[in-house]
Amino acid sequence: MGSKFFKRSSIGAIEVLNDTKDMNMENYRQLHNIVLVISEQCFNIKKVLITAISALISGCFLITKDSGINKLDRFLLPLLFISLFIVILFWLYDSYLYYYQKKLRHDMKVKELIYTSANDCDIEIEKKCGQCKHTNINKALFNFSHLFYFLVAISLFIFYLVMKYQII
């Protein structure tokens, strides 16, 4: 007889998992749910970044609206540096989440192979999954989804130049 594991169902009752395959499948589902939450967080960070930058720039205009352009000139360079610092912080946090999302997807792939092929040894499973592709930090820092942060930074530079030299 297999081992017994306990799991809470959606209504709060405790179900008994009699098989290790059921436990592996439950672990796989939990990893999948965590990856979905992290993926949603990555999207939400980008929305919060735009909100924070917009609030910072709007606040700066609100403070200097009565004083005219001369007072705004004093705030432009610090505003640019503060905005870029905020962009970098959000980019690093998003990279952190992206790294762990990839790591969990790799773990899900391993769990899936363990679930589907119980008679393969661990070395063969690791060869099928690849040798720790999730540990590449450069891919976590510089990937296609982070192009958004570079576009925001370039937009901030353009905004700074337009306001500094009153191009528009």
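Residues numbered from 1 in each chain as written. Predicted model: local features only at pLDDT ≥ 70, side-chain atom pairs only at ≥ 80, totals over all residues. Heavy atoms only, no water.

The next point concerns the overall build of the chain. Per the secondary structure count, the chain includes five helices and two strands. Each helix (α) and strand (β) of the chain, taken in turn from the N terminus, gives the series β-β-α-α-α-α-α. In the chain, of all internal contacts separated by at least 6 residues, the share reaching a separation of at least 24 is 67%. When the accessible surface of the chain is totalled, it reaches about 11,500 Å², and 64% of it is carbon and sulfur. (Helix = DSSP H or I, 4+ residues; strand = E, 2+ residues; numbered from the N terminus. Contact = heavy atoms within 4.5 Å. Areas by Shrake-Rupley, 256 points an atom, 1.4 Å probe, with all protein chains shown as cover.)

Looking now at the confidence of the model for the chain. Interpretation of this model should avoid reading the predicted coordinates in detail wherever pLDDT is low. When pLDDT is averaged along the chain, the result is 80, and 73% of the positions lie at 70 or above. Element-level pLDDT for the chain is lowest in strand β2 (residues 14–17), with a mean of 49, against a maximum mean of 94 in helix α5 (residues 147–165). Overall, residues 1–6 carries pLDDT values under 50, and its contacts beyond four positions in sequence, including any with other chains, amount to 16 contacts. (pLDDT = per-residue confidence, 0-100.)

Before going further, it helps to spend a moment on empty space enclosed by the protein. Enumeration over the complete set of coordinates arrives at one cavity of 30 Å³ or more. When its volume is computed, the largest cavity comes out at roughly 40 Å³. Lining of the largest cavity is provided by L76, L79, L80, S83, L156, F159 and Y160. Of all the secondary structure elements, the ones that give two or more residues to the lining of the largest cavity are α2 (69–116) and α5. Ranked by the residues each element gives to the lining of the largest cavity, the list is headed by α2, at four residues. Tallied by class, the residues present in the lining of the largest cavity amount to six nonpolar, one polar and no charged. (1 Å grid on protein atoms, 1.4 Å probe; cavity = no way out; pocket = protein on both sides within 12 Å on 5 of 7 lines; lining within 4 Å. Points joined across faces, edges and corners; volume = space filled by probe spheres on them. Nonpolar A, V, L, I, M, F, W, Y, C, P; charged D, E, K, R; others polar.)

This part takes up the nonpolar core. One finds L49, I53, V87, F90, Y149 and L156 to be the most contacted residues of the largest nonpolar core, which totals 27 residues. In terms of residues, this core owes the most to one element, α2, which gives 12 residues. Non-local contacts of V87, meaning those with residues more than four positions away in its chain, are made with L49, I53, Y149, V152 and L156. (Core = buried A, V, L, I, M, F, W, Y, C linked by side-chain atoms within 4.5 Å. Buried < 20%, exposed > 50% of the residue type's maximum accessible area, 1.4 Å probe, protein only.)

In this structure, F90 sits in helix α2. Residues F90 and Y149, spaced 59 residues apart in sequence, show a C-alpha to C-alpha distance of 8.3 Å.

The subject of this paragraph is the pattern of salt bridges. Close approach of charged atoms lets side chains of opposite charge pair. Per the stated rule, a full pass over the model turns up one salt bridge. Notably, a salt bridge pairs K46 with D94, separated by 2.7 Å at the nearest N-O pair. Separated by 48 residues along the polypeptide, K46 in helix α1 (residues 20–64) and D94 in helix α2 bring together distant segments of the chain. The buried category is assigned to D94, whose relative accessible area is 1%. (Salt bridge = Lys/Arg side-chain N within 4 Å of Asp/Glu carboxyl O.)

On the surface, F142, F144, L147, F150, L151, I154 and I158 cluster together into a nonpolar patch covering about 760 Å² of accessible area. Of note, I158 is situated in helix α5. (Patch = residues over 30% accessible without salt bridge, like charges linked within 9 Å, V, L, I, M, F, W, Y side chains within 5 Å.)

If you walk through the whole model with that rule in mind, you get seven aromatic pairs. Relative to Y96, the ring of Y93 has its centre 6.4 Å away and its plane inclined at 20°; by these criteria the two rings are stacked. Pair noted here: Y93 and Y96 are both in helix α2, with a separation of three residues, about one helical turn. Take Y93: its relative accessible area is 40%, and that puts it in the partly exposed class. An angle of 75° between the planes, with centres 5.4 Å apart, marks the rings of F148 and Y149 as edge-to-face. A network of ring pairs unites the aromatic residues Y93, Y96, Y99 and Y100 as a single cluster. (Phe/Tyr/Trp six-rings, centres within 6.5 Å; stacked < 30°, edge-to-face > 60°.)

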